[in-house]
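Topology and contacts: notes
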Amino acid sequence: MSQRLVWPDPEVIAPFLPTPLGWKVLVVLPHVETKTDGGLLLPDTVRDDATMAGTVGRVAKLGPHAYDPERFTQGPWVKIGDFVGFNTYAGEVKEAKIGNQHVPEGMRDTSTGYFLLKMRVFNDDELSLGDADRMEGWI
């Protein structure tokens with residue numbers, strides 16, 4: 001069974017997300033599709049496990065002091081839209097309700113009218129660009 005991940009566009013959903021404080025970085029997690037390639041519905045537990053076990057996300061927002069030039073003399077490690085890797089249980093887990101009109105079709109929930117976006121908040125020194133070759137199947 002292959003699971004396809006659907007990524008929201010950080011620029012489109014940014015107005016609906018909380019702004020991280022200080023040196024924090026807000027990373028959105030992918031949405032795991034609800035059906036297999038063969039059309040079978042996946043139970044919520046399988047989809048939740050796949051999302052929680054995910055170690056890849058996409059930078060959506062930066063706090064006002066993230067990557068301060070005094071601390072990061074070589075420049076920022078990541079920017080909005082970058083895909084990043086992290087430890088399975090790293091960061092603070094957060095959620096936001098996003099209206100269906102602002103997310104890709106594969107993420108829409110017609111029963112509620114909104115999508116529950118899962119996010120994590122990290123310190124700016126906890127993230128770096130992910131290995132694109134390793135992430136190729138995920139993004």
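Residues numbered from 1 in each chain as written. Predicted model: local features only at pLDDT ≥ 70, side-chain atom pairs only at ≥ 80, totals over all residues. Heavy atoms only, no water.

1. Considering the overall build of the protein
Basically, it comes down to this: A helix here means a DSSP run of H or I that spans at least four residues, while a strand means a run of E at least two residues long, and both kinds are numbered starting from the N terminus. Any residue under 20% of the maximum accessible area for its type is buried, any over 50% is exposed, and the rest in between are partly exposed; the area is computed with a 1.4 Å probe on protein chains only. A contact between two residues is defined here by any heavy atoms of the two lying within 4.5 Å. With residues, only the protein chains shown are counted as cover, and all accessible areas are computed by Shrake-Rupley using a 1.4 Å probe.
Within the protein, the secondary structure is distributed over 3 helices and 7 strands. Secondary structure of the protein in N-to-C order comes out as β-α-β-β-α-β-β-β-β-α. By residue count, 40% of the 139 residues in the protein fall in the buried class. Intrachain contacts of the protein at a sequence separation of at least 6 include 75% that bridge at least 24 residues. Taken as a whole, the protein presents about 8200 Å² of accessible surface, with 52% of it coming from carbon and sulfur.

2. Re unusual backbone geometry
Within the chain, Tyr67 stands out as a residue other than glycine whose phi angle is a positive 60°. Residue placement: Tyr67 occurs in the loop between β4 (56-62) and β5 (83-85).

3. Here we look at the packing of aromatic side chains
Applicable threshold: Two rings belonging to Phe, Tyr or Trp (six-membered ring only in the last case) form a pair when the distance between their centres is within 6.5 Å. Interplanar angles under 30 degrees mark stacking, angles over 60 mark edge-to-face geometry, and anything in between is tilted.
A full pass over the atoms with the stated rule returns 4 aromatic pairs. Aromatic side chains Phe72 and Trp77 sit 5.1 Å apart centroid to centroid with 90° between the ring planes, which places their arrangement in the edge-to-face category. When its relative accessible area of 8% is taken as the criterion, Phe72 is described as buried. Owing to a relative accessible area of 40%, Trp77 belongs among the partly exposed residues under this scheme. Aromatic rings pair up to connect Tyr67, Phe72 and Trp77 into one cluster.

4. A few points about the nonpolar core
The following threshold applies: What we call a nonpolar core is a set of buried Ala, Val, Leu, Ile, Met, Phe, Trp, Tyr and Cys residues that are connected through their side-chain atoms within 4.5 Å.
Grouped together as the largest cluster of nonpolar side chains are 13 residues, with contacts concentrated most on Val25, Val27, Tyr67, Val84, Phe86 and Leu127. Once residues within four sequence positions are removed from consideration, Val27 is found in contact with Gly57, Arg58, Val59, Ala60, Val84, Phe86, Met119, Arg120, Phe122 and Leu127. The next biggest cluster of nonpolar side chains, apart from the first, holds 11 residues, and it includes Ile13, Phe115, Leu117 and Met119.

5. Structural notes on the confidence of the model for the protein
Keep in mind that low pLDDT regions are not for reading the predicted coordinates in detail. Keep this limit in mind: For every residue, the predictor states its confidence as a pLDDT score lying anywhere from 0 to 100.
The share of residues in the protein with pLDDT of 70 or more is 67%, and the mean pLDDT across the chain is 77. Taken element by element, the predicted model of the protein shows its lowest mean pLDDT in helix α3 (residues 132-135) (48) and its highest in strand β2 (residues 24-28) (93). Considering only residues more than four positions removed or in separate chains, one finds that residues 132-139, a stretch of pLDDT under 50, has 12 contacts.

6. Notes on the pattern of salt bridges
In plain terms, the rule: For this document, the term salt bridge refers to a Lys or Arg side-chain nitrogen within 4 Å of an Asp or Glu carboxyl oxygen.
All chains considered together, the criterion is met by 4 salt bridges. Across the pair Lys24 and Glu92 runs a salt bridge, and its minimum N-O distance is 4.0 Å. Of the two residues, Lys24 is situated in strand β2 and Glu92 in strand β6 (residues 92-99); the sequence distance between them amounts to 68 residues. Among the residues examined, Glu92 registers a relative accessible area of 38% and is labelled partly exposed. For Asp124, the salt bridge goes to Arg71, with nearest N and O atoms at 2.9 Å. Here Asp124, found in the loop between β7 (114-123) and α3, pairs with Arg71, found in the loop between β4 and β5; they are 53 residues apart in sequence, far enough to count as distant. Under the relative-accessibility criterion, Arg71 is labelled partly exposed at 44%.

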